[in-house]
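Summary of the model geometry
One letter stands for each residue in the lines below.
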Amino acid sequence: MSFHSMWAELLPVGRSSASGGYRRYAWTGADADCRAWFRQQAEARGLAYEVDRNGNQWAWLGDPAAGNAVVTGSHLDSVPDGGAFDGPLGVVSAFAALDELRGRGARLTRPLGIVNFGDEEGARFGLACVGSRLTAGALTVEQAHRLTDGDGVTLPQAMEAAGYDPDGIGPDPERLARIGAFVELHVEQGRALDLSGDRVGIASAIWPHGRWRFDFRGEANHAGTTRLADRRDPMPSYAETVLAARREAELAGAVATFGKIAVEPNGVNAIPSLVRGWLDSRAADQASLDTVVTAIEKAAREYAAAHGVDLTVERESFTPVVEFDHALRDELALILSGDTELRVPVLGTGAGHDAGILSGRVPTAMLFVRNPTGVSHSPAEHATEDDCVAGVSALADVLEGLART
Ligand code: HGY
Ligand code: MN
Ligand code: MN
Ligand code: MN
C-alpha cells in the first residue's frame, strides 16, 4: 500500500469537520479507531502484532526475542485541534518504509519493529509521553493511576473503558533491552528545514522543557456589587503573569506559553475564586530554562501579593535536555550521505517526543521532515507529499543500513 493511500485512510480518523483539526485523545473512540488502523496495517503485512502492558502497539518483522531490533514509529494521538502530521507521519512512514524495503528485496539480519506509543501528547491527562514513560520506568504506576482528565475520569478508568487492564501497566525493561536502535521520524515543528531548503533533517537534541501549574486563589464575589477596593480577584495577577512570561522568555532566549487555563466558578458575572494557569516553558539549555521559570514565578508572587491573592506553583512534569546518541546520529548521517540527492542537516528541537524518553535507555535518533508552514499543534501543520515520500525513502535507507549490520 502506498504512503498516499495509507495517509488517505488515516486522515479522516478523529478529524473535526469544523476546523480540520484533530481530537485523537488517549483511550477515546478516536484513539480506538487509530489503534484499529495500526492493527489492520500490521496484519495486512503479515507482521506479528502485539499490544504491550502499557497499551503501546507493536508490529514485528522477525522475532524481537532475538534482540538488537531496529524499531521505528511514533504516536497517533493529538493535541486539541492538532495537525495531521505530528505523530501519524512517523507511523505511516514506518509502514511505508517497510513496504519499500520489501520492494527492494532488502535482506535484514535484525528484527524490525514498528511502534505506536500511546498518549504522547498528554492532551487528556496532562502528562506527555505516558506510554513511553511507563515503558521506560520514567512514570510510576502510582503516578499514572493518579492521572485524571478534565471530567474527573482517571487513567485507569479510561483504560478499562477502552478494554485495557490498568493494573498491568508498568516498566518494561525486557522490551527495551531487545531494541538495538530506535529511530523516530517526525514532521519538523519549526521552519529550520524550510529556511535551509532541505527535505529531511537529523535531530541533534531536544531542549529541556517542563510544565508548571500556577494556582491563583482569591475570593469569589459578585461582579456587579463588589467595589474594586474590596476585591481579591485572582484574574489580574494571572494576566500580569502571562505578560511577564513573555517578557522573561525574551530576556532569557527561551519560550514560555500559558496555553491552558481553568477558572472557578467560571461565571461571567462572578469574580473568580481560582484561576489555574499551566505554563509550558523550554530553552536550549538548563540554565536558561531555570532562569526564565524562576523569573516568571517571582513576578507571579509579586502580582499575587499586590492583589491580595494566594499563589501556589507546582511543577507537573519535566524532561531534561536530550542529546541523541552521537554514534547512531553519525551512522544515520553516513547512511544518508549515500543519497547524493539529499542533503541532511542536523538540527535541535524544542518539541518533546517519545524518542526523548527512550534516549539514554536505547540508542535513539530522530529524522525530521520539512514543514513549510513551520506551524504545529494546529490544523495549519503541513508537509508536502514529495517531502513525505523523501522522508519515507530516507527512513527506508536508515532501516536497511541499520538492520543489515
Ligand atoms: O509538547 C511537545 O513538545 C510534544 O509535542 N508532546
Ligand atoms: Mn506534539
Ligand atoms: Mn509528536
Ligand atoms: Mn558525533
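Residues numbered from 1 in each chain as written. Chains lettered and ligands numbered in written order. Predicted model: local features only at pLDDT ≥ 70, side-chain atom pairs only at ≥ 80, totals over all residues. Heavy atoms only, no water.

So, on to the overall build of the chain. Scanning the chain from N- to C-terminus turns up 13 helices and 15 strands. Taken over C-alpha atoms, the radius of gyration comes to 22 Å for the chain, in line with the 22 Å a tight globule of 405 residues would show. Each principal axis of the C-alpha distribution contributes one length, and for the chain these read about 80 × 45 × 40 Å. Counting over 405 residues, the chain shows a buried share of 54%. A total of about 16600 Å² of accessible surface is found on the chain, and carbon and sulfur atoms cover 52% of it. Computed over 37 positive and 56 negative side-chain charges, the inter-centroid distance for the chain is 1 Å. (Helix = DSSP H or I, 4+ residues; strand = E, 2+ residues; numbered from the N terminus. Rg over C-alpha atoms; globule rule 2.2 N^0.38 Å. Buried < 20%, exposed > 50% of the residue type's maximum accessible area, 1.4 Å probe, protein only. Areas by Shrake-Rupley, 256 points an atom, 1.4 Å probe, with all protein chains shown as cover. Lys, Arg positive; Asp, Glu negative; His and termini not counted. Charge placed at Lys NZ, Arg CZ, Asp CG, Glu CD.)

Taken together, Glu-120, Glu-121, Arg-282, Ala-351, Gly-352 and His-377 are the residues near ligand 1. Within the side chain of Glu-120, one N or O atom sits 3.2 Å away from a nitrogen atom of ligand 1. One of the side-chain N or O atoms of His-377 is found 3.0 Å from an oxygen atom in ligand 1. Here ligand 1, which alone exposes 210 Å², has 94% of that area covered by the protein. For the shell around ligand 1, a count of residues per class yields one nonpolar, two polar and three charged. (Near = heavy atom within 4 Å. Polar contact = N/O pair within 3.5 Å; in protein donor to acceptor, adjacent residues only side chain to side chain. Nonpolar A, V, L, I, M, F, W, Y, C, P; charged D, E, K, R; others polar.)

Quick look at empty space enclosed by the protein now. The final tally for this structure, using the stated rule, is one cavity of 30 Å³ or more. Roughly 50 Å³ of volume is contained in the largest cavity. Mapped onto the lining of the largest cavity, the elements with two or more residues apiece are α4 (130–136) and α6 (155–161). Ranked by residues supplied to the lining of the largest cavity, first place goes to α4 with three residues. Its residues placed into classes, the lining of the largest cavity shows six nonpolar, three polar and one charged. (1 Å grid on protein atoms, 1.4 Å probe; cavity = no way out; pocket = protein on both sides within 12 Å on 5 of 7 lines; lining within 4 Å. Points joined across faces, edges and corners; volume = space filled by probe spheres on them.)

Another aspect to go through is the UniProt feature "binding site: allantoate" (unreviewed entry) in the chain. As annotated in UniProt, the feature "binding site: allantoate" (unreviewed entry) corresponds to Arg-211, Asn-269 and Arg-282 in the numbering used here. These annotated residues cover 72 residues of sequence, and their C-alpha atoms reach 35.9 Å apart at the extremes, leaving them scattered rather than at a single site. Tracing the chain through its elements places Arg-211 in strand β7 (residues 209–217). Arg-211 sits in the partly exposed class, given a relative accessible area of 21%. (UniProt positions renumbered as here; feature names shortened; annotations may be inferred.)

The full count for this structure, using the stated rule, is 13 aromatic pairs. Centroid distance Phe-214 to Phe-258: 5.4 Å. Interplanar angle 75°. Geometry classified as edge-to-face. Here the residue Phe-214 occupies a position in strand β7, and Phe-258 occupies one in strand β9 (residues 255–264), the gap between them amounting to 44 residues. Here the aromatic cluster, defined as three or more aromatic residues joined through ring pairs, consists of Trp-37, Phe-38, Tyr-49 and Phe-95. (Phe/Tyr/Trp six-rings, centres within 6.5 Å; stacked < 30°, edge-to-face > 60°.)

On to the coordination of the manganese ion (ligand 2), then. Every protein donor of the manganese ion (ligand 2) is accounted for by Asp-86 (OD), Glu-121 (OE), Glu-121 (OE) and His-377 (NE2), and the metal-donor separations fall at 2.0 to 2.8 Å. Between consecutive donor residues of the manganese ion (ligand 2), the sequence gaps follow D-x34-E-x255-H. Taken as a pair, the manganese ion (ligand 2) and the manganese ion (ligand 3) show a spacing of 3.5 Å, with Asp-86 coordinating each metal. Of this pair, Glu-121 sits in the loop between β4 (112–117) and α4 while His-377 sits in the loop between β15 (364–369) and α13 (385–404); the two residues are 256 residues apart in sequence, bridging distant segments of the chain. Exposure remark for Glu-121: the relative accessible area of 8% places this residue in the buried category. (Donors = N, O, S within 2.8 Å, 3.2 Å for Na, K, Ca; no water.)

Relative to the 28 Å expected for 20 residues at 1.5 Å per residue, α13 spans 28 Å between its end C-alpha atoms, a close match to the ideal helical length. Of all 20 residues making up α13, 15 are buried, and the element is well covered by its neighbours. (Expected span 1.5 Å × (residues − 1).)

With that out of the way, let us pick up unusual backbone geometry. A cis amide bond links Glu-264 to the next residue, Pro-265, at an omega of 0°. Structurally, the position occupied by Pro-265 is in the loop between β9 and β10 (270–271). Even without glycine at this site, His-377 takes up a positive phi of about 55°.

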